[in-house]
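Okay, here's what each chain looks like letter by letter:
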Amino acid sequence: MAVRAVRGAVQLERDDAGHMDEQVGALLTAVLERNDLTADDLISIWFTATPDLHSDFPAAAARKLGIVDVPLICAQELDIAGAMPRVVRILAHIESDRPRAEITHVYLGAAAALRKDIAQ
């Protein structure tokens, strides 16, 4: 079994804890489903949030999905002028037999514009 990394992002409509839970939960669910993964395949997940998000830790959404024994960490994105606002990004380390080229990175909604080079 190889260690792989899968990326993803979602743009929130507003800085609200319930909305963050919903959107980050949808992102994590999509990453798992599109890569045929379960929580047991997760090694760790890094979450980043743009500096304009203050309502909650993005990792809290993972815990609410039942991802309870996987190391999670949150950090703040760089505050770059002109960057897309209200974005949560993930970098999940996983165990998978899929070749690197077959890992599906997930960018939901407006966040798809962040990685136009990755087919959604």
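Above this text is the structure in question.
Being a predicted model, the structure only gives us computed values, none of them experimental.

Draft legend 1. Layout of the sheet that holds strand β1 (residues 2–11). Spatial strand order, β3-β2-β4-β1-β5: 5 strands in an open sheet with mixed pairing. The open sheet has two edge strands, β3 (72–76) and β5 (106–108), and neither has a second partner. Between one strand axis and the next, the sheet turns through 15 degrees on average, direction left out of account. Note: strand β2 (residues 42–49) against strand β4 (residues 87–96), 7 bridges, orientation antiparallel. Bridging from a neighbouring strand, Trp46 pairs with Leu91 of β4. In the packing of helix α1 (residues 17–34) onto the sheet, the strands contacted are β1, β2, β4 and β5, and the crossing angle to β5 comes to about 145 degrees.

Draft legend 2. Molecular detail of the pairing of β4. Burial analysis of β4 places 7 of its 10 residues in the buried class, which makes it a mostly covered element. As defined by bridge partners, β1 adjoins β4 across 10 bridges and the pair is classed as antiparallel. From the neighbouring strand, Val10 faces β4, where its bridge partner is Val88.

Draft legend 3. Structural context of the nonpolar core. Of all hydrophobic cores here, the largest spans 29 residues; its most connected members are Leu42, Ile45, Phe47 and Val88. When residues of this core are traced back to their parent elements, those giving at least two are β1, α1, β2, α2 (59–64), β4 and β5. The leading source of residues in this core is α1, at 7 residues. Those residues in contact with Phe47 that sit more than four places away from it in its chain are Val24, Leu28, Pro58, Ala59, Ala62, Leu72, Ile73, Cys74, Ala75, Val88, Arg89 and Ile90.

Draft legend 4. Quick look at the environment of Thr29. Positionally, Thr29 belongs in helix α1. With a relative accessible area of 28%, Thr29 lands in the partly exposed category. Counting along the chain gives 36 residues from Thr29 to Leu65, while the straight-line C-alpha distance between them is 8.5 Å.

Draft legend 5. A look at the environment of Ile90. Of note, Ile90 is situated in strand β4. Judged by its relative accessible area of 2%, Ile90 falls in the buried class. Counting along the chain gives 44 residues from Ile90 to Trp46, while the straight-line C-alpha distance between them is 5.5 Å. Apart from residues no more than four positions distant in its own chain, Ile90 is found in contact with Val6, Arg7, Gly8, Leu27, Leu28, Val31, Ile45, Trp46 and Phe47.

Draft legend 6. Focus on the side chain of Arg4. Within the secondary structure, Arg4 sits in strand β1. Although Arg4 is buried, it forms no salt bridge, and the closest oppositely charged side chain is Asp97 at an N-O distance of 7.8 Å.

Draft legend 7. Structural detail: the side chain of Thr50. Secondary-structure assignment places Thr50 in the loop between β2 and α2. Taking relative accessible area as the criterion, Thr50 reaches 7% and is therefore assigned buried. Among the polar contacts listed, one links the side chain of Thr50 to the side chain of Asp52, at a separation of 2.5 Å.

Scoring rules and cut-offs
Residues numbered from 1 in each chain as written. Predicted model: local features only at pLDDT ≥ 70, side-chain atom pairs only at ≥ 80, totals over all residues. Heavy atoms only, no water. Pairing = 2+ DSSP bridges. Helix = DSSP H or I, 4+ residues; strand = E, 2+ residues; numbered from the N terminus. Axes fitted to C-alpha atoms, helices over the stretch in contact; angles between N-to-C directions. Contact = heavy atoms within 4.5 Å. Buried < 20%, exposed > 50% of the residue type's maximum accessible area, 1.4 Å probe, protein only. Core = buried A, V, L, I, M, F, W, Y, C linked by side-chain atoms within 4.5 Å. Lys, Arg positive; Asp, Glu negative; His and termini not counted. Salt bridge = Lys/Arg side-chain N within 4 Å of Asp/Glu carboxyl O. Polar contact = N/O pair within 3.5 Å; in protein donor to acceptor, adjacent residues only side chain to side chain.

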